[in-house]
Amino acid sequence: LPPQVTRFEDSGGGLNHALTHAARLAAASGATRVLIVHADLPRLRSEEVTALIEASRARGIAIAPDHRGTGTNALCAPLPLPLELEFGPGSFARHLQQAAALGMTPAVIRLPGLAFDLDELEDLRVYEDTERLQHLDLAALLPLAQELTLTGFGRAVIVRDPRFFSVLALPH
């Protein structure tokens, strides 16, 4: 590992324990802020991470909830940590409650890449469907539309011109 990377052994106490331990080590080595971003955010963009950091600088704590509004996908906070890390189901509300108890109003950052996580099987299905749509090659598909016939519900639909998509519905 590069010298600027601190390695520590995971004691097996779970995610929140490991992250709290890492934050303490970072503070002990002079860090003044911690950024925690979960690894299951396939649409995350660097601009969104920058927005989270900037919001934390302005408000102290910045929290990015998941797309369901229940979990915390990312958190940026000063060191030493002013609140206890409680990642997991319902963590967004718990993090907000802790901040409120400390008299803090964290910035809530709702951006698509920070929000969309892969926690459930349905999340993966949505992600795969979106990825397929984004990679469709329409230029390759249009010539196929010149003589494409679809059948269903007792009608045939014939598309003959890919530029105008003239549609003629005929009874079967």
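Residues numbered from 1 in each chain as written. Predicted model: local features only at pLDDT ≥ 70, side-chain atom pairs only at ≥ 80, totals over all residues. Heavy atoms only, no water.

(A) Geometry of the overall build of the chain. Counting secondary structure elements, the chain contains six helices and seven strands. Secondary structure of the chain in N-to-C order comes out as α-β-α-β-β-α-β-α-α-α-β-β-β. When the 172 residues of the chain are sorted by exposure, 31% land in the buried category. For the chain, the exposed surface amounts to about 11,000 Å²; the carbon and sulfur share of it is 59%. (Helix = DSSP H or I, 4+ residues; strand = E, 2+ residues; numbered from the N terminus. Buried < 20%, exposed > 50% of the residue type's maximum accessible area, 1.4 Å probe, protein only. Areas by Shrake-Rupley, 256 points an atom, 1.4 Å probe, with all protein chains shown as cover.)

(B) Spotlight on helix H1 (residues 15-28). Taking 1.5 Å of rise per residue, the 14 residues of H1 would be expected to cover 20 Å, and the 20 Å separating its terminal C-alpha atoms lies within 8% of that figure. Within the sequence span of H1, burial applies to Ala-18, Leu-19, Thr-20 and Ala-23. Along its buried surface, H1 packs onto strand E1 (33-37). Among the residues trailing H1, Gly-30 stands out with phi positive, at a value near 105°. (Expected span 1.5 Å × (residues − 1). Contact = heavy atoms within 4.5 Å.)

(C) Quick peek at the sheet that holds strand E3 (residues 72-78). The strand order across the open sheet formed by four strands is E1-E3-E2-E4, and the pairing between neighbours is mixed. Looking at the sheet topology across the chains shown, the edges are occupied by E1 and strand E4 (107-108). Relative to the sheet, helix H2 (residues 46-59) contacts E1, strand E2 (62-65), E3 and E4, its axis offset from that of E3 by approximately 40°. (Pairing = 2+ DSSP bridges. Axes fitted to C-alpha atoms, helices over the stretch in contact; angles between N-to-C directions.)

(D) Representation of the pairing of E2. Residues Ala-62 and Ala-64 of E2 are buried on one face, and the alternating residues Ile-63 and Pro-65, pointing to the opposite face, are buried as well. Where E2 and E3 come together, four bridges link them in antiparallel fashion. When the bridges of E3 are listed, Ala-62 appears paired with Cys-76. Counting the residues in the hairpin turn of E2 and E3 gives six residues, including Gly-69, whose phi is positive at 80°.

(E) How the structure looks around the packing of aromatic side chains. What the rule picks out here adds up to zero aromatic pairs. Positioned above the aromatic ring of Phe-116, the side-chain terminus of Arg-43 is 4.1 Å from the ring centre. (Phe/Tyr/Trp six-rings, centres within 6.5 Å; stacked < 30°, edge-to-face > 60°. Lys NZ or Arg CZ within 6 Å of the ring centre and 35° of its normal.)

(F) Structural view of the nonpolar core. With 14 residues, the main nonpolar core has Ile-36, Leu-75, Leu-83, Leu-85 and Phe-87 as its most contacted residues. The set of elements that each furnish at least two residues to this core consists of H1, E1, E3 and helix H3 (91-101). Discounting chain neighbours no more than four positions away, the residues touching Ile-36 are Leu-19, Asn-73, Ala-74, Leu-75, Leu-85 and Phe-87. Ranked by size, the runner-up nonpolar core spans twelve residues in total, among them Ala-55, Ala-64, Cys-76 and Leu-114. (Core = buried A, V, L, I, M, F, W, Y, C linked by side-chain atoms within 4.5 Å.)

(G) Local environment of the layout of surface pockets. Taken as a whole, the largest pocket encloses approximately 240 Å³ of empty space. When the residues that make up the lining of the largest pocket are grouped by side-chain class, the tally is three nonpolar, eight polar and six charged. (1 Å grid on protein atoms, 1.4 Å probe; cavity = no way out; pocket = protein on both sides within 12 Å on 5 of 7 lines; lining within 4 Å. Points joined across faces, edges and corners; volume = space filled by probe spheres on them. Nonpolar A, V, L, I, M, F, W, Y, C, P; charged D, E, K, R; others polar.)

Everything listed here is a matter of coordinates, which is why it stays silent on function.
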